[in-house]
Amino acid sequence: MKIACRAEGRAAQRGAAARGVEGHSTAEQSPEGGTEDDVLAAQAMAPWLCISAVILLMAGEDVLSKEECPKTVVTSCKDCIRTGPFCAWCKKLNFTKQGEPDATRCDTTEALRSRGCENDDIVSPASSYTKLSDRPLSRGSGQNEDPVQLQPQAVRLNLRPGKPVSLRFRFRRVEDYPVDLYYLMDLSYSMKDDLENVKSLGKDLMKALGQITKRARIGFGSFVDKVALPFTNTNPAKVQKPCPEDERVCQPAFGYQHVLSLTDQAEEFNQIVSMQSISGNLDSPEGGLDAIMQAAVCGNKIGWGDSTRLLVFATDDGFHMAGDGKLAAILEPNDGQCHLDKSIYSKSSEMDYPSVGQLAQKLAENNIQPIFAVTQNVAPVYQKLKEMIPKSEVGVLSKNSDNVVRLIETAYKSLSSNVIVTHENLPEDIKVTYTSNCENGGVPGPRGVCNNVGIGKEVEFVVTVTADKCTKEQSFQIGPLGFREKMNITVVTECECVCRDPLNKNDPACGGQGQVTCGTCVCNKDFVGQRCECRMGDKNERDLREACRFNNGSVCSNLGDCVCGLCQCHAGEDGRNIYGRFCECDDRSCPLHHNRLCGGNGKCDCGKCLCHQGYDGEACDCKKSDEACRKGTSVCSGRGNCTCNICHCLPGYKRPFCEECPGCPSPCGKIASCVECLGFNSGPLKENCNSMCSKVKHKVVEALTDKKPCRWKRSDNCWMIYSVKELDGIDNYDVTIQKKLECPKPPDLAAIIGGSFAGVALIGLLLLLILKGIIHMKDLKEFRRFENEKKKAKWTNADNPLFKTATTTVQNPNFSGD
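Residues numbered from 1 in each chain as written. Predicted model: local features only at pLDDT ≥ 70, side-chain atom pairs only at ≥ 80, totals over all residues. Heavy atoms only, no water.

*Asks:* When you look at the sheet that holds strand β43 (residues 733-738) in this model, what are you seeing that I'm missing?
*Replies:* Whether parallel or antiparallel, the strands of a sheet pair through hydrogen bonds between backbone atoms. Pairing within the open sheet is mixed, and its four strands lie in the order β40-β43-β42-β41. At either end of the open sheet lies a strand with only one pairing partner, and these are β40 (696-701) and β41 (710-713). For this sheet the average axis-to-axis angle between neighbouring strands, irrespective of direction, equals 30°. Taken together, the five bridges between strand β42 (residues 719-726) and β43 define a ladder with antiparallel strand orientation. Following the sheet pairing, tyrosine 722 is matched in β43 by isoleucine 737. (Pairing = 2+ DSSP bridges. Helix = DSSP H or I, 4+ residues; strand = E, 2+ residues; numbered from the N terminus. Axes fitted to C-alpha atoms, helices over the stretch in contact; angles between N-to-C directions.)

Here it is as structure tokens:
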């Protein structure tokens, strides 16, 4: 396997050298005939090709990748080259036969050659590149020159979608390259001891930087936190003096302030910093991300130059991040813009803290490499932050920051020795991978990484660029993180055919009625067809195209060309055969079994498998058998089809043998007329009973033993009683009929008449009683009313003077009562 891989790597190198790349106006030629860049690209890609080869060999596939052309819907050369990266177009006249679609002109280069198309007639744009600016790398950095650390500086890529192009990118750190160091310090009260050491830091810093470059500058800025509750006590007295009461020197609370722009004067640094005093806030996390953001985006005010830009961030605590501003009712997101007003961050109490991602983006855009000089207690937090911010380092401060110079030296060496190449402003449809020539750099990745790169050491990367689809001209940049130099890449996609045809609108190849364009005819008005042989006459093109539509759908199912009202089908994907009146059929749209069309046991015909003898199933995926479908001599009870040894029953019937239909209606009523004519020689089917009831077998018994027999009433109100058993097949029944009908007894006329008279008499008597009761109640009511009226009359106690009673009373005067 090792020999195969080495051979493949050499073969890839020789292939690249033999091919070369068109349009490399400034590329150096290798001795083998290809460009030096192509050879390097092949060398870098060899390990990747080797891995791919091993995987393919393990899968049992051919080592060499197979070039394929999908050929979906192709009507022109332009359509062809946009279909796939390996599609080529044959512009040879008369390449297609009469009636053969022009889509057959589109195939791989090898396939077209095998069919007789010469190399000069094959149109297949290739990917290439041209170096627009290629100044050599500088050895050192002079005071009056602009050093060149990467090569080339500008490139133009002509990309065929899907076909990558590789170019070599060199980088070398020059000696004595300028370094700008901005010291950003936390001035909260807990950093009081550290401030005292920093006040005399200028000379030591300049001395340390002088060992790296003669062109060093240093600057200073400080931060605490937002002047808003709960971050800072907003009592006016506390805002003016946020330190403890016994602290004599204390500056008012602030968010971030820029103190000293970058300068090469160490004495000025010491003088300005020595004037700084401590401040304070309430909570532990500080507003450091606000300060880093302003230091990164306010380049003009900080004084960043064309240099290696270092930002030393010194603190003993954590940091607030995006969203924390809500605690102080600060809801406006950080806009990532410069807001330094008289060296003070003026939007500190108006904008939220930036997010880590936002901060990482701005640091990368401005080529600033942060060094987090923090105390031991918060070092793990900043180690996590380092993982999210490329080209950053973390160093641990001593309790009073007396080791800060040594920390900065160590961090700078680590940062500067790691070269990370990536891209900026990459268009959406462009992909870039990097392969480095340094240790562990042989596998392509989204970034190029080389570690332990010393000053003056040259490293190389192979940059591979691929366009996914045709786009307009676009640009992006490639370069190492932390350095201002970038290589500008302009991308132009090759999506047009250049055929250089003669301008003859009456070309004989087109019957004198059209112009040849890339081997095909563009017909004059009123003529259509491959050779402009069809004159539309009375029918316009719209009518002809309508004749090629199936059920008002697309023309020729979008799989063919409509020529004079007839469809000429394209060659399908993967070599499939497309056919049919409207190109609606093909021989590949059938079910697969074990990843084989129709299981390899049948032929696909317009979406259906026609199985070979002895095979069955939708995908011909089983041998033909009905053993498991049989019960006795019947297959699926005559109510289904046996496919793949499984019954596929009629609707309602259940497997395994389609014997039962739980949801079907009872057959009692369905065969009642047959039962009446077969068992009792009566009913509506009496005259043609044998023909209408031929599927019903019957027998008559004295009494049924079934617990739930069928009961059906005849026209004479007698009940037929019978049992039904469904036989194999459809509407086949075995009926057992009870000989005796259940008929109701005849009515008793005497009882009916007597009962009628008795009922009438009873009803009459009842009516008389009711009438008598009503009259009685009415009289009683009238009498009571009369009595009431009588009581109310005033004349009831008066004597009539004309009235004389009929009784005369005579009293004996001698009667004493004893």
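The rest of the description comes next.
*Asks:* Teacher, can you tell me more about the packing of helix α9 (residues 288-297) against helix α11 (residues 356-365) here?
*Replies:* Between two packed helices, the angle of one axis relative to the other and the distance separating the axes together describe the packing. Their axes nearest at 9 Å, the elements α9 and α11 cross at an angle of 25°. Relative to α11, α9 is oriented roughly parallel. The interaxial crossing formed by α9 with α11 has left-handed handedness. Residue-level contacts link Leu289, Ile292, Met293, Ala296 and Val297 of α9 to Gln358, Leu359, Lys362 and Leu363 of α11. For the contact of α9 with α11, the per-class residue count stands at seven nonpolar, one polar and one charged. (Parallel < 35°, antiparallel > 145°, perpendicular 65-115°, else oblique. Left-handed = near helix turned anticlockwise from the far one by under 90°. Contact = heavy atoms within 4.5 Å. Nonpolar A, V, L, I, M, F, W, Y, C, P; charged D, E, K, R; others polar.)

*Asks:* Would you explain the state of the cysteines in this entry?
*Replies:* What is meant by a disulfide is a covalent connection between two cysteines, made through their sulfur atoms. Scanning the entire structure with this criterion turns up 25 disulfides. Here cysteine 77 connects covalently by a disulfide to cysteine 497, the sulfurs 1.9 Å from one another. Disulfide cysteine 77 to cysteine 497: torsion about the S-S bond roughly -90°, handedness left-handed. Highlighted residues: cysteine 77 in helix α3 (residues 77-83) and cysteine 497 in the loop between β21 (487-493) and β22 (514-517), separated in sequence by 420 residues. Between the sulfur of cysteine 556 and that of cysteine 567 lies a disulfide, 2.0 Å long from S to S. The sign of the -95° torsion about the S-S bond sets the cysteine 556-cysteine 567 disulfide as left-handed. (Disulfide = S-S within 2.5 Å.)

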